[in-house]
Amino acid sequence: MATTSKSTSSNGKNPAIDEIAERTDRIKKELAALGEALAGAGAVQAGVAREAAETRVDEVLRSGERLVADMSKQYSNAEQQVSTTVRDRPLQSLGVAVAAGFLAAILLRR
């Protein structure tokens, strides 16, 4: 797998990164809800709350593992598509890279 940075669109946004951020936010919200549920549990229900929390943590961990696997597949597919496009259209790819470089230089200068 190549270690160079690749962009799948000319505007610099990567849908896979956006999806990772969205899923990460969802997991954070689920963990916050779990924390709130634990805070509201009384001393009498501590055992039940602990079991529920452990179950929820296991679910969140499995969800996170699935997220990592999905994002890894998506990244691999995107990298393969970029490589194929660069091989099929080298001049167009070079032009897009040069234009992106100029745009980045202009934006970073300000």
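None of these values were measured; they are calculated from a predicted model.

Undergrad: Lay out a nonpolar patch on the surface in plain terms, naming residues and giving numbers.
TA: On the surface, Leu 94, Val 98 and Phe 102 cluster together into a nonpolar patch covering about 310 Å² of accessible area. Relative to the helices and strands, Leu 94 is located in helix 3 (residues 90-109).

Undergrad: Can you tell me about the pattern of salt bridges, naming the residues and giving the values?
TA: Following the criterion strictly, the structure yields four salt bridges and no others. Arg 23 is the partner of Glu 19 in a salt bridge, and the nearest nitrogen-oxygen pair spans 2.8 Å. Taken together, the residues Glu 19 and Arg 23, both in helix 1 (residues 15-40) and four residues apart, mark about one turn of the helix. Glu 30 is paired through a salt bridge with Arg 56; the nearest N and O atoms lie 3.4 Å apart. Here Glu 30, found in helix 1, pairs with Arg 56, found in helix 2 (residues 46-88); they are 26 residues apart in sequence, far enough to count as distant. Overall, the relative accessible area of 27% leaves Arg 56 in the partly exposed class. Each of Glu 19, Arg 23 and Asp 70 takes part in one network of salt bridges that share partners.

The rules behind each value
Residues numbered from 1 in each chain as written. Predicted model: local features only at pLDDT ≥ 70, side-chain atom pairs only at ≥ 80, totals over all residues. Heavy atoms only, no water. Patch = residues over 30% accessible without salt bridge, like charges linked within 9 Å, V, L, I, M, F, W, Y side chains within 5 Å. Areas by Shrake-Rupley, 256 points an atom, 1.4 Å probe, with all protein chains shown as cover. Salt bridge = Lys/Arg side-chain N within 4 Å of Asp/Glu carboxyl O. Helix = DSSP H or I, 4+ residues; strand = E, 2+ residues; numbered from the N terminus. Buried < 20%, exposed > 50% of the residue type's maximum accessible area, 1.4 Å probe, protein only.

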